[in-house]
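Observations on the model geometry
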Amino acid sequence: MYKELAKFYDLIYHWKDYKAEAETIQELIKKFKTSDGYILLDVGCGTGMHIKYFKEVYSCTGIDINNEMVEVAKSKVKGVNFKQGDMIDFDLNTKFDVILCLFSSIGYVKTYINLEKTIINFANHMKKGGVVIIEPWFTKSAFWVGVPGMTTYDGDDVKIARLNTTKVEGDLSIMEMYYLIAEKNKDIKHFIDIHELGLFEHDKTLEFMEKANFKSKYLNDGLMKDRGLFIGIKL
Ligand SMILES: C[S@@+](CC[C@H](N)C(=O)[O-])C[C@H]1O[C@@H](n2cnc3c(N)ncnc32)[C@H](O)[C@@H]1O
């Protein structure tokens, strides 16, 4: 998952306005954070597209389970500490003022057991008065099961087509992404990336956040219009 994709990730998501999202996050941090410091962690940071807008103000660390994504982030965004790690059990031995987990990365933990472990792990890395912002994947009822998807990128030197199907098994959404990538002067690449994300109910996420000592709420108006945001303040 994401391994072959890492190099093309930013092209696939070229439509995403990371700068505007970072501004919204900045406003939320200003509104809710009461800790004094400026140490930020982006979990499931991908290619570093959000963190690059925070590095002037915050001392930033990004972690991602996928080493290929970490390498892309390192080569693109200087002055940030990028590391490979699993959000369920990473141990950075640091307490942060802000922890971000955006663009549904949290869904990849797949199960409620892992979701609870992950939220406890975030809490263990958080200063009192620090803020965690989690952008969720979909709930079961909001997920568009059975509906096919298509995303394309049409550059001069690279063209990408991604088609996917969607399935649900229990509380898991499964998307088989079929990629076709044509690059200038190269043979066409094709590969399948299978993504499995947990369909977590909002009440359950809030319950785990409260249990982990976060004063929490779900905001309907988040970064992307269909996902909302969880925000938690560490007590
Ligand atoms: C949809 S991408 C989001 C990346 C980035 N936050 C963004 O907004 O572009 C999901 C990311 O979560 C990472 N990921 C998946 N499971 C993870 C885990 N257990 N721990 C840390 N990162 C994980 C993937 O490698 C991928 O980079």
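Residues numbered from 1 in each chain as written. Predicted model: local features only at pLDDT ≥ 70, side-chain atom pairs only at ≥ 80, totals over all residues.

Further remarks concern the domain arrangement of the protein chain. Taken domain by domain, the protein chain comprises domain 1 (6-139 + 199-234) and domain 2 (149-198). Of note, the centres of domain 1 and domain 2, computed from C-alpha atoms alone, are 24 Å apart. Facing the 14 residues of domain 1 at the interface are 14 residues of domain 2. Here the side of domain 1 that touches domain 2 is composed, by residue class, of 9 nonpolar, 4 polar and 1 charged. (Domains from an automatic or database assignment. Contact = placed C-beta atoms within 7 Å. Nonpolar A, V, L, I, M, F, W, Y, C, P; charged D, E, K, R; others polar.)

Of note, Val132 is situated in strand β5 (residues 126-134). C-alpha separation for the pair Val132 and Phe214, spaced 82 residues apart in sequence, amounts to 8.5 Å. When near neighbours in sequence (up to four residues on either side) are disregarded, Val132 contacts Ile99, Phe122, Met126, Phe214 and Gly232. (Helix = DSSP H or I, 4+ residues; strand = E, 2+ residues; numbered from the N terminus.)

Our focus in this paragraph is the site of the ligand. Taken together, 19 residues lie near the ligand, and Gly44, Gly46, Asn66, Phe103 and Tyr108 sit nearest. For the shell around the ligand, the per-class residue count stands at 11 nonpolar, 6 polar and 2 charged. (Near = placed C-beta within 6 Å.)

Looking now at the pairing of strand β7 (residues 158-169). Sheet topology note: the strand β6 (residues 149-154)/β7 ladder contains 6 bridges and is antiparallel. Looking across to β7, one finds that Thr151 is bridged to Arg162. Joining the antiparallel neighbours β6 and β7 is a turn of 3 residues. Relative to strand β8 (residues 172-183), β7 runs antiparallel, the two being bridged by 12 bridges. The residue of β8 that forms the bridge with Ile160 is Ile181. Hairpin connection from β7 to β8: 2 residues lie between these consecutive antiparallel strands, with Gly170 at a positive phi of about 65 degrees. (Pairing = 2+ DSSP bridges.)

Moving on to the sheet that holds β5. Overall, mixed pairing links the 7 strands, which are arranged β3-β2-β1-β4-β5-β11-β10 in an open sheet. At either end of the open sheet lies a strand with only one pairing partner, and these are β3 (81-84) and β10 (214-219). Shown here is a sheet whose adjacent strand axes are inclined to one another by a mean of 15 degrees, direction ignored. Pairing of β5 with strand β11 (residues 229-234), which is carried by 4 bridges, proceeds in the antiparallel orientation. Residue pairing across strands places Ile134 opposite Phe230, the latter belonging to β11. Packing of helix α2 (residues 18-32) onto the sheet brings it into contact with β4 (96-101), β5 and β11, and relative to β5 it is tilted by some 150 degrees. Across the face of the sheet, helix α3 (residues 67-76) comes into contact with β2 (59-64) and β3 while running at roughly 170 degrees to β3. (Axes fitted to C-alpha atoms, helices over the stretch in contact; angles between N-to-C directions.)

Here the focus is the sheet that holds strand β9 (residues 189-198). Judged by pairing direction, the sheet is antiparallel, and its 4 strands sit side by side in the order β6-β7-β8-β9 without closing on themselves. Each edge of the sheet is formed by a strand with only one pairing partner; in this case those strands are β6 and β9. Within this sheet the neighbouring strands show an average axis-to-axis angle of 15 degrees, counted without direction.

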